[in-house]
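An overview of the molecular structure
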Amino acid sequence: MRYDFATPIDRRHPKNDWSSFKWHRYADDVLPLWIADMDFASPPEVIEALQARVAHGVFGYGQVRDSLREVMCAWSETHYDWPIQPDWQLWLPGVVPALHLASLALTEPGDGVLTVTPIYPPFLQVAERTGRVTQRAALRPPQEDGGRWSLDLDALEAAITPRTRLLLWCHPHNPTGRVWSHDELAGLAELVRRHDLIVVSDELHADLMLEEGASHRPWAALFPDLAERTITLWAPSKTFNVAGLTAACAVISDTNLRQRFTDVAKGLQPDGNVLGLVSAEAAYRHGEPWRQELLATLRANRASLIERVARWPGVRMAPAESTYLAWLDLRDSPAMEGQKSPQQQLLKLAGVALSDGADFGWPGFVRLNFGTTPSQLEAALVRMDSVLA
Ligand SMILES: Cc1ncc(COP(=O)(O)O)c(C=O)c1O
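Residues numbered from 1 in each chain as written. Predicted model: local features only at pLDDT ≥ 70, side-chain atom pairs only at ≥ 80, totals over all residues.

1. What to know about the overall build of the protein chain
- On a plain count of helices and strands, the protein chain comes out with 13 helices and 13 strands.
- Here the protein chain has a C-alpha radius of gyration of 21 Å; the compact-globule value for 389 residues is 21 Å, and the two agree.
- Its C-alpha atoms put the protein chain at 55 × 55 × 40 Å along the principal axes.
- Relative to its full complement of 389 residues, the protein chain shows a buried share of 47%.
- The contacts of the protein chain with a sequence gap of at least 6 include a subset with a gap of at least 24, amounting to 71%. (Helix = DSSP H or I, 4+ residues; strand = E, 2+ residues; numbered from the N terminus. Rg over C-alpha atoms; globule rule 2.2 N^0.38 Å. Buried ≥ 20, exposed ≤ 12 C-beta atoms within 10 Å, placed from the backbone. Contact = placed C-beta atoms within 7 Å.)

What follows is the structure in structure tokens.
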């Protein structure tokens with residue numbers, strides 16, 4: 001390995017106290033495997049680019065450099081087989097702000113904003129926060145051991161009303177890690193056409209495919225006839241662990257849709273974070289060898305987790321096909337009998353902080369972030385053993 005994914009970096013010690021939400025939310029003796037950032041340093045090339053930019057010393061307003069737009073085009077073509085144009089890109093301070101802006105720009109008050117559950121919690125909040133109505137359809141849970149979560153088109157169909165306007169789609173999916181099959185996506189595309197929906201395709205986890213040889217295909221690339229009603233969201237934040245630098249990219253090929261989105265965004269968000277934009281360019285330009293080693297580390301962590309979960313009676317987990325998030329079903333765990341919140345129980349009894357499935361629309365589940373060093377993961381799993389084994 002050329003890069004170090006094994007040595008823990010102390011993100012909590014007072015000397016290192018750079019205010020990590022993940023590490024400072026809970027007491028000092030708790031191991032945090034909740035919010036989706038990783039415990040790894042970003043690629044050295046990203047750190048060097050940031051150091052050079054900081055050494056410049058002047059931090060006035062910046063703008064998106066052509067070279068960043070070009071490197072994003074090259075990444076899309078190489079990794080997703082989707083040639084995009086520089087001017088399709090709108091650089092933003094985050095993916096979640098983009099979800100909200102899309103709702104404001106592309107729907108009317110009272111319209112329905114549709115999503116599937118379980119889902120990354122902000123998807124369930126966008127509609128209410130923007131004066132629209134949340135509409136949700138459950139995914140189909142695994143039908144047998146070793147099965148996977150799947151898209152339930154009938155449930156989606158049933159959730160749709162004449163006011164449904166926008167689909168917030170997570171591709172690949174947080175929290176199940178599903179990489180949707182072509183059949184599932186084609187079924188969804190048919191439904192989008194028939195109900196005349198606009199799609200926000202949040203593809204933030206696209207560069208974290210865990211199956212060897214798997215590659216991501218953007219929604220807009222798979223269904224070119226739907227590209228004119230699609231906003232695609234990408235960011236270097238998950239892959240290269242730069243979430244705190246707030247840089248994300250909305251790709252909108254349709255001029256009219258792009259204009260509507262830009263008009264609403266005016267005044268509601270700052271111009272680019274100069275450090276975030278520098279980190280994004282360095283990550284997409286130089287980060288590929290680092291990303292490959294990251295994937296090897298995540299695959300090994302996932303294997304350790306699968307082995308461990310198999311020893312916990314009544315606990316089920318469909319192995320993540322992408323990203324560093326695992327979605328655990330604790331509803332039949334004898335250790336959780338009578339407990340409303342497995343997340344609270346594990347926090348109290350094991351000193352491990354996970355994300356509560358209730359926030360994703362499915363109580364009784366937890367989400368575990370395995371984007372950490374193997375030794376830190378092992379320490380947390382040993383603690384969980386004491387409760388679940
Ligand atoms: C699917 C998904 N979208 C958006 C976000 C957050 O993105 P941002 O920090 O750019 O708002 C996350 C973070 O975990 C996520 O998993």
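Moving on, there is more to tell.
2. Brief notes about the domain arrangement of the protein chain
- As assigned here, the protein chain comprises domain 1 (14-43 + 288-388) and domain 2 (54-286).
- For domain 1 and domain 2, the distance between their C-alpha centroids amounts to 25 Å.
- Each partner contributes residues to the interface: domain 1 has 26 residues there, and domain 2 has 31 residues.
- It is helix α11 (residues 288-309) that contributes the most residues to the side of domain 1 that touches domain 2, 5 residues altogether.
- Residues that form the side of domain 1 that touches domain 2 fall into these classes: 14 nonpolar, 5 polar and 7 charged. (Domains from an automatic or database assignment. Nonpolar A, V, L, I, M, F, W, Y, C, P; charged D, E, K, R; others polar.)

3. Some points on the sheet that holds strand β9 (residues 316-317)
- Judged by pairing direction, the sheet is antiparallel, and its 4 strands sit side by side in the order β9-β10-β13-β12 without closing on themselves. Looking at strand neighbours, the two that pair on one side only are β9 and β12 (355-356), the edges of this open sheet.
- Note that β12 and strand β13 (residues 365-369) share 2 bridges and pair antiparallel. Looking at the pairing, D356 lines up with V366 of β13. (Pairing = 2+ DSSP bridges.)

4. Focus: the nonpolar core
- Counting 113 residues, the largest nonpolar core has A102, L166 and V352 as its most contacted members.
- When residues in this core are grouped by element, the largest group, 8 residues, is from helix α4 (residues 95-106).
- Looking at which domains feed residues into this core, each of domain 1 (14-43 + 288-388) and domain 2 (54-286) gives three or more.
- Apart from residues no more than four positions distant in its own chain, L166 is found in contact with A102, S103, L106, T107, V113, L114, L197, I198 and V200. (Core = buried A, V, L, I, M, F, W, Y, C linked by C-beta atoms within 7 Å.)

5. A short note on helix α10 (residues 274-286)
- Between its first and last C-alpha, α10 extends 18 Å over 13 residues, near the 18 Å set by a 1.5 Å rise per residue.
- Of all the residues in α10, the buried ones are G276, L277, V278, S279, A280, E281, A282, A283 and Y284. (Expected span 1.5 Å × (residues − 1).)

6. Observations concerning the packing of helix α3 (residues 66-80) against α10
- Two elements in contact, α3 and α10, have axes whose closest approach is 9 Å; the angle formed by their N-to-C orientations is 35°. When you trace α3 past α10, the crossing you get is left-handed. Residues S67, L68, V71, M72 and W75 of α3 touch α10, and the partners they reach there are L277, A280, E281, Y284 and R285.
- Counted by class, the contact of α3 with α10 contains 7 nonpolar, 1 polar and 2 charged residues. (Axes fitted to C-alpha atoms, helices over the stretch in contact; angles between N-to-C directions. Left-handed = near helix turned anticlockwise from the far one by under 90°.)

7. Description of the site of the ligand
- Neighbouring the ligand are 13 residues, the closest being A36, G94, V95, V96 and N174.
- Per-class residue counts for the shell around the ligand are 9 nonpolar, 3 polar and 1 charged. (Near = placed C-beta within 6 Å.)

8. Quick look at the sheet that holds strand β8 (residues 248-251)
- Within the open sheet, the 7 strands sit side by side as β2-β8-β7-β6-β5-β3-β4. Their pairing is mixed. Since the sheet does not close on itself, it has two edges, and those belong to β2 (89-92) and β4 (133-138), each with one partner. Averaged over all pairs of adjacent strands, the angle between strand axes in this sheet comes to 25°, irrespective of strand direction.
- Bridge analysis of strand β6 (residues 198-202) against strand β7 (residues 230-234) gives 4 bridges, and the strand direction is parallel. Bridging across to β7, S201 finds its partner in T232.

9. Quick word on the packing of helix α12 (residues 342-350) against helix α13 (residues 374-388)
- With their axes 9 Å apart at the nearest point, α12 and α13 run at an angle of 105° to one another. In terms of axis orientation, α12 runs roughly perpendicular to α13. The segment α12 lies against α13, with L346, L349 and A350 engaging R383, M384, S386 and V387.
- The residue inventory of the contact of α12 with α13, partitioned by class, reads 5 nonpolar, 1 polar and 1 charged. (Parallel < 35°, antiparallel > 145°, perpendicular 65-115°, else oblique.)

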